[in-house]
Amino acid sequence: MEHNVYLYIAVVALVTYLIRVLPLTLIRREIKNPFLRSFLYYVPYVTLAAMTFPAILHATDSLWSGLAALVAGVLVAWFSGNLFLVAASGCVVVFLVELLL
Amino acid sequence: MNTKQFSRGLRVGVPISLGYLAVSFTLGITAKNAGLSAFQATLTSLLVNASAGQYAAFTMMAAQGGYWEIAILEAVTNARYILMSCALSQKLPAASKLWHRLVIGFNVNDEIFGMAIAEQGKLNPFYYFGMMTVAMPGWALGTFLGTSVGNVLPANVVSALSVGLYGMFLAVIIPASRKSKVILGVVVVSMAASFALECIPLFASLASGTRIILLTVVIAAGAALLFPVKEEEKEGEGHGA
């Protein structure tokens, strides 16, 4: 059976919104538990690190350009921390490495 | 005060928006390959604002999966937002209004979350609204351009643009790693474990979203047990602006 694209979009949007808005509205009391607080503090670092590596190696046409982008991104982020600069340096490095390969 | 915070959010949102433009451009190409029109893909980006979740959704739409299947897939790939929303809920002043929370809930994602959580002290909702106001159009416009002109670009340009997303992730985790040895350790362990899970056959068969949830729960819990965060460390990061 052919599925309706707009119904798909509605399902995706609804599920995503509920996931974000329920914790924001239902857990309003300050969490006092030190373990939970620490856990929530570490969550974004684990998630973002795990999503970056090794996925960045498969994102480009070649493993080497992905690796070069990772190294460049880490170096630029370490010394500058500017969001746009880090993203742009990765893109430029991939472009240059793939020209050379 | 609120106007000032809003305009600060607008400024911080500019690099996020430019990054989104590049990333959602590649997302638009994925959507087009999945058979969506430029309008449908842009609508999805406006309503969902989730990179990994949208990639997964477009792939499932192309495969003509069932509505329940796509709902479950979406819940899994976006489960990390549950944790981010919990953290944001704590970061907002306890007295913040319901509509503030309902609006913020529309756009909880990695980059804006990263900037919001790096705030000193409590989070002003208007700073968040400012970031959303600039970031969301970038995300939608990039998707639109990707579906409408994506195929015109040479393959090497598309390949280069596709690492933009990871650059944004690095811009959140690396400066924090420089400031804290514990975070540096957490980042290194997470990357190593993520790599290991991809190589171990038992885990490699899991969807990447499921692996991320598994890693997040285990490593963040381990770090919380070994290195509980004291209040002053938690507020230790400066403004991103």
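Residues numbered from 1 in each chain as written. Chains lettered and ligands numbered in written order. Predicted model: local features only at pLDDT ≥ 70, side-chain atom pairs only at ≥ 80, totals over all residues. Heavy atoms only, no water.

You'll find chain B entered in an unreviewed UniProt entry as Branched-chain amino acid ABC transporter permease, with Evtepia gabavorous given as the organism. A UniProt comment under Subcellular location (unreviewed entry) is attached to chain B, and it reads "Cell membrane". Of chain B, the UniProt comment under Sequence similarities (unreviewed entry) reads exactly: "Belongs to the AzlC family." (UniProt positions renumbered as here; feature names shortened; annotations may be inferred.)

Under an unreviewed UniProt entry, the name given to chain A is AzlD domain-containing protein, and the organism recorded is Evtepia gabavorous.

## Quick look at the interface of chain A and chain B
Chain A puts 69 residues into the contact, and the matching count from chain B is 100 residues. Of the roughly 7800 Å² buried between chain A and chain B, counting both surfaces, carbon and sulfur atoms make up 73%. Of all residues in chain A, A:R20, A:Y45 and A:L83 bury the most surface against chain B, accounting for 10% of the area lost on that side. In this assembly, chain A and chain B are joined by zero salt bridges. The interface formed by chain A and chain B holds 22 residue pairs in polar contact (both at pLDDT 80 or more) in total. Those elements that provide at least two residues to the side of chain A that touches chain B are α1 (5-26), α2 (34-52), α3 (55-59), α4 (63-79) and α5 (83-100) of chain A. When its residues are assigned to classes, the side of chain A that touches chain B shows 49 nonpolar, 12 polar and eight charged. (Contact = heavy atoms within 4.5 Å. Buried area = accessible area lost by both parts, 1.4 Å probe. Salt bridge = Lys/Arg side-chain N within 4 Å of Asp/Glu carboxyl O. Polar contact = N/O pair within 3.5 Å; in protein donor to acceptor, adjacent residues only side chain to side chain. Helix = DSSP H or I, 4+ residues; strand = E, 2+ residues; numbered from the N terminus. Nonpolar A, V, L, I, M, F, W, Y, C, P; charged D, E, K, R; others polar.)

## Describing the UniProt feature "transmembrane region" (unreviewed entry) in chain B
Here, UniProt's "transmembrane region" (unreviewed entry) annotation points to residues 12-31, 37-58, 126-145, 157-175, 182-204 and 210-229 of chain B. With 100% helix and 0% strand, the stretch residues 12-31 of chain B has end C-alpha atoms that lie 28 Å from each other.

## Examining the pattern of salt bridges
Residue and element names in this part refer to chain B. Following the criterion strictly, the structure yields two salt bridges over all chains and no others. Its salt-bridge partner being R8, residue E119 comes within 2.7 Å of it at the nearest N-O pair. Here E119, found in the loop between α7 (110-117) and α8 (125-149), pairs with R8, found in helix α1 (residues 2-33); they are 111 residues apart in sequence, far enough to count as distant. Both residues of the pair, E119 and R8, count as buried. (Buried < 20%, exposed > 50% of the residue type's maximum accessible area, 1.4 Å probe, protein only.)

## Looking at the side chain of B:S51
Residues and elements named next belong to chain B. Looking at the element boundaries, S51 is found in helix α3 (residues 51-62). Judged by relative accessible area, which is 9%, S51 ranks as buried. Non-local contacts of S51, meaning those with residues more than four positions away in its chain, are made with L27, R80, Y81, D110, W139 and L165.

## With respect to the nonpolar core
Within the largest apolar cluster, 96 residues are counted, with the highest numbers of intra-cluster contacts made by B:M61, B:L88, B:Y128, B:M131 and B:I173. For this core, the element with the most residues is α2(A), which contributes 11 residues. Dropping the residues within four chain positions of it, B:L88 is found in contact with A:L24, B:I104, B:V108, B:F113, B:A116, B:I117, B:L123 and B:Y128. (Core = buried A, V, L, I, M, F, W, Y, C linked by side-chain atoms within 4.5 Å.)

## Quick look at the UniProt feature "transmembrane region" (unreviewed entry) in chain A
Residue and element names in this part refer to chain A. Sequence positions flagged by UniProt for "transmembrane region" (unreviewed entry) are, in local numbering, residues 6-27, 39-57 and 63-96. Measuring from the first to the last C-alpha atom of residues 6-27 gives 32 Å, for a span that is 95% helix and 0% strand. End C-alpha atoms of residues 63-96 are separated by 14 Å, and the span's content is 91% helix alongside 0% strand.

## Re the domain arrangement of chain B
You can read the domains of chain B as domain 1 (2-163) and domain 2 (180-241). Here the C-alpha centre of domain 2 of chain B lies 22 Å away from the C-alpha centre of domain 1 of chain B. (Domains from an automatic or database assignment.)

## Some remarks on the packing of aromatic side chains
Applying the stated criterion across every chain yields a total of 12 aromatic pairs over all chains. With centroids separated by 6.2 Å and ring planes inclined at 25°, the aromatic side chains of A:F35 and A:F39 adopt a geometry described as stacked. With A:F35 and A:F39 both in helix α2 and four residues apart, the pair spans about one turn of that helix. In this structure A:F35 comes out as partly exposed when scored by relative accessible area, which is 31%. A centroid spacing of 6.1 Å and a plane angle of 70° characterise the contact between A:Y41 and A:Y45, whose relative ring orientation is edge-to-face. With a gap of four residues between them, A:Y41 and A:Y45 both fall in helix α2, about one helical turn apart. Overall, A:Y45 belongs to the buried group, its relative accessible area being 5%. Three or more aromatic residues joined by ring pairs form one cluster here, namely A:Y41, A:Y42 and A:Y45. Directly above the ring of B:Y81 sits A:R20, whose terminal nitrogen or CZ lies 4.5 Å from the centroid. (Phe/Tyr/Trp six-rings, centres within 6.5 Å; stacked < 30°, edge-to-face > 60°. Lys NZ or Arg CZ within 6 Å of the ring centre and 35° of its normal.)

## Details of a nonpolar patch on the surface
All names here are of chain A. The grouping of L63, W64, L67, V71, L75, F79 and L101 at the surface amounts to a nonpolar patch, some 760 Å² of accessible area in total. Locating V71 in the fold gives a position in helix α4. A relative accessible area of 47% means that V71 is categorised as partly exposed. (Patch = residues over 30% accessible without salt bridge, like charges linked within 9 Å, V, L, I, M, F, W, Y side chains within 5 Å. Areas by Shrake-Rupley, 256 points an atom, 1.4 Å probe, with all protein chains shown as cover.)

## Concerning the domain arrangement of chain A
All names here are of chain A. Domain parsing of chain A yields domain 1 (1-58) and domain 2 (60-101). Taken over C-alpha atoms, the centre of domain 1 sits 27 Å from the centre of domain 2. On the domain 2 side, the residues contacting the five residues of domain 1 number seven residues. Buried area between domain 1 and domain 2, summed over both chains or domains, comes out near 460 Å², and the portion from carbon and sulfur atoms is 71%. Among the residues domain 1 hides against domain 2, the three largest losses belong to I56, L57 and H58. Together they make up 83% of the total. On the surface where domain 1 and domain 2 come into contact, there are zero salt bridges. Taken together, domain 1 and domain 2 are joined by one residue pair in polar contact (both at pLDDT 80 or more). At three residues, the largest contribution of residues to the side of domain 1 that touches domain 2 is made by α3.

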